[in-house]
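Structure assessment
Listed below are the residues making up each chain.
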Amino acid sequence: MNDSAGANRPRTLAIDIGGTGLKASVLDEAGKMETKRARVPTPSPCSPEILLAVVEKLVEPLPAYDRISIGFPGVVRDGGIITAPHFADKAWLGYPLETAIASRLGKPARLLNDAEVQGLGIIIGQGLEVVLTLGTGLGSAVFNNGGLTPHLELAHHPIRKDMTYNDYVGNAARRALSSRKWNKRVLKTIGIVYDLLHYDILYLGGGNATNIVVPLPANVRIASNDAGLTGGIRLWDEDVWKAVGKTLATNQVH
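Residues numbered from 1 in each chain as written. Predicted model: local features only at pLDDT ≥ 70, side-chain atom pairs only at ≥ 80, totals over all residues. Heavy atoms only, no water.

**Focus on helix 2 (residues 97–105)**
The test is simple: Each residue gets one of three labels from its accessible area relative to the maximum for its type: buried under 20%, exposed over 50%, partly exposed in between, using a 1.4 Å probe on protein chains only. Counting from the N terminus, the helices are the DSSP runs of H or I reaching at least four residues and the strands are the DSSP runs of E reaching at least two.
For helix 2, the set of buried residues is Leu97, Glu98, Ala100, Ile101, Ala102 and Leu105. Positive backbone phi, at 75°, marks Gly106, one or two positions downstream of helix 2.

**What about the side chain of Asp28?**
For clarity, the threshold we go by: Here the positive residues are Lys and Arg and the negative ones are Asp and Glu; neither His nor the chain ends is included. By salt bridge we mean one thing: a side-chain nitrogen of Lys or Arg within 4 Å of a carboxyl oxygen of Asp or Glu. A 3.5 Å cut-off defines polar contacts: any pair of N or O atoms within that distance qualifies, except that in protein one atom must be a possible hydrogen donor and the other a possible acceptor, and neighbouring residues in sequence count only when both atoms are side-chain atoms. Contacts between residues were defined by any pair of non-hydrogen atoms, one from each residue, lying within 4.5 Å.
Mapped onto the secondary structure, Asp28 falls in the loop between strand 2 (21–27) and strand 3 (38–41). No salt bridge is formed by the buried Asp28, whose closest oppositely charged neighbour, Arg11, lies at an N-O distance of 5.7 Å. Polar contacts involving the side chain of Asp28 include one to the main-chain amide nitrogen of Ala30, which spans 2.9 Å. Aside from chain neighbours lying at most four places away, what touches Asp28 is Pro10, Arg11, Glu34 and Ile233.

**Observations concerning the sheet that holds strand 14 (residues 220–222)**
Selection criterion: Two strands make a pair as long as DSSP finds a minimum of two bridges between them. The convention used is that axes are lines fitted to C-alpha atoms, helices contributing only their stretch in contact, and that angles between N-to-C directions extend from 0 to 180 degrees.
Strands sit in the order 10-9-8-13-14 across an open sheet of five strands; the sheet is mixed. The two strands at the open ends of the sheet, each matched to only one other strand, are strand 10 (147–148) and strand 14. Where strand 8 (residues 128–134) and strand 9 (residues 138–144) come together, seven bridges link them in antiparallel fashion. Its bridge partner being in strand 9, Val130 is matched across the sheet by Val142. Along the sheet, helix 6 (residues 179–197) makes contact with strand 8, strand 9, strand 13 (201–205) and strand 14, crossing strand 8 at roughly 150°.

**Describing the packing of helix 1 (residues 48–59) against helix 2**
We count it as follows: Just so you know how the angles are binned, under 35 degrees is roughly parallel, over 145 roughly antiparallel, 65 to 115 roughly perpendicular, and the rest oblique. Note on convention: near helix rotated counterclockwise from far helix by under a right angle means a left-handed crossing. Clockwise means right-handed. Polar here means any residue other than Ala, Val, Leu, Ile, Met, Phe, Trp, Tyr, Cys and Pro, which are nonpolar, and Asp, Glu, Lys and Arg, which are charged; Gly is therefore polar.
Here helix 1 crosses helix 2 at 45°, and the two axes come no closer than 11 Å. Relative to helix 2, helix 1 is oriented oblique. By crossing handedness, the relation of helix 1 to helix 2 is classed as right-handed. Listed contacts from helix 2 to Glu49, Leu51, Leu52, Ala53, Val55, Glu56 and Val59 of helix 1 are Leu97, Ala100, Ile101, Arg104 and Leu105. Taken together, the residues of the contact of helix 1 with helix 2 sort by class into nine nonpolar, no polar and three charged.

**Overview of the pattern of salt bridges**
Per the counting criterion, the structure on display carries eight salt bridges. A salt bridge links Glu34 to Arg11; its shortest N-O distance comes to 2.7 Å. Note that Glu34 is positioned in the loop between strand 2 and strand 3 and Arg11 in the segment before strand 1 (12–17), a separation of 23 residues in sequence. A salt bridge links Lys23 to Asp16; the nearest nitrogen and oxygen atoms lie 3.8 Å apart. According to the relative accessible area criterion, Asp16 is buried, its value standing at 8%.

**Overview of the side chain of Glu129**
Mapped onto the elements of the fold, Glu129 is located in strand 8. This buried residue, Glu129, is left without a salt bridge; Arg221 holds the nearest opposite charge, at 6.5 Å. Here the side chain of Glu129 touches Ile124 through a polar contact of 2.9 Å, landing on its backbone nitrogen. When near neighbours in sequence (up to four residues on either side) are disregarded, Glu129 contacts Ile123, Ile124, Ala141, Val142, Phe143, Ile201 and Tyr203.

**Structural notes on the sheet that holds strand 7 (residues 109–113)**
The strand order across the open sheet formed by five strands is 3-2-1-4-7, and the pairing between neighbours is mixed. Bordering the open sheet on either side are strand 3 and strand 7, each of which pairs with just one other strand. Geometrically, the sheet is characterised by an average inter-axis angle of 15° between neighbouring strands, direction not taken into account. Two strands pair when backbone bridges link them, and strand 2 and strand 3 are joined in this way by four bridges, in the antiparallel orientation. By the bridge assignment, Lys23 is partnered in strand 3 with Arg39. Sheet contacts for helix 1: strand 1, strand 2 and strand 3; angle to strand 2, the most-contacted strand, approximately 45°. Packing of helix 2 onto the sheet brings it into contact with strand 1, strand 4 (67–72) and strand 7, and relative to strand 7 it is tilted by some 145°.

Next comes the structure, spelled out in structure tokens:
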């Protein structure tokens with residue numbers, strides 16, 4: 001078990017849960033990674049208990065930390081999982097992952113959607129900023145003047161006939177199509193999202209952003225995939241977390 005790294009200079013264990021890979025690193029008080037990120041394939045099948053065991057083993061060699069930030073690929077509310085599209089196990093629905101990881105690793109934890117965590121590590125905090133993550137599927141987050149807006153689960157919205165955004169530009173599509181055709185789909189997705197939101201800046205993250213080879217619009221930028229970890233420091237900024245809480249509250253189903 002990791003010992004405390006010191007209350008005056010808190011270290012944050014950042015965990016990025018992906019559909020194909022689990023990544024982790026320890027961040028210093030400024031949010032910089034103190035170690036190279038550790039990575040293992042996401043187990044399949046992946047029940048909550050299997051995930052917890054793999055995460056515990058993944059972070060064991062890492063330096064000491066005081067707190068934990070977690071990004072999860074699905075709708076997250078009040079520390080629990082509402083949707084887990086990459087994990088078929090029904091045990092995920094309503095699962096209190098934030099509490100479960102805190103209990104397993106013995107440190108306080110905070111949980112947010114993975115694209116939103118990445119966005120917190122990317123945005124400049126001015127105007128309407130959108131983050132799309134291209135990985136196993138498509139993740140999305142929208143920020144207005146630095147504030148997180150209610151979560152938009154764009155991944156499962158239809159984009160073409162019976163295809164969702166996940167189907168259209170996810171990793172399965174990238175593997176099945178030529179680079180030219182997949183890149184053309186990415187450009188179309190960018191255009192549709194602009195028509196939907198009229199953003200000031202759109203950031204493309206996720207592992208497959210490196211496969212983009214076409215010229216992008218001037219207000220679209222490719223961001224480092226490390227932000228999926230380094231953005232975790234922002235979950236421990238109390239002003240950010242309070243704003244997140246208010247945003248999540250507006251998402252409650254009545």
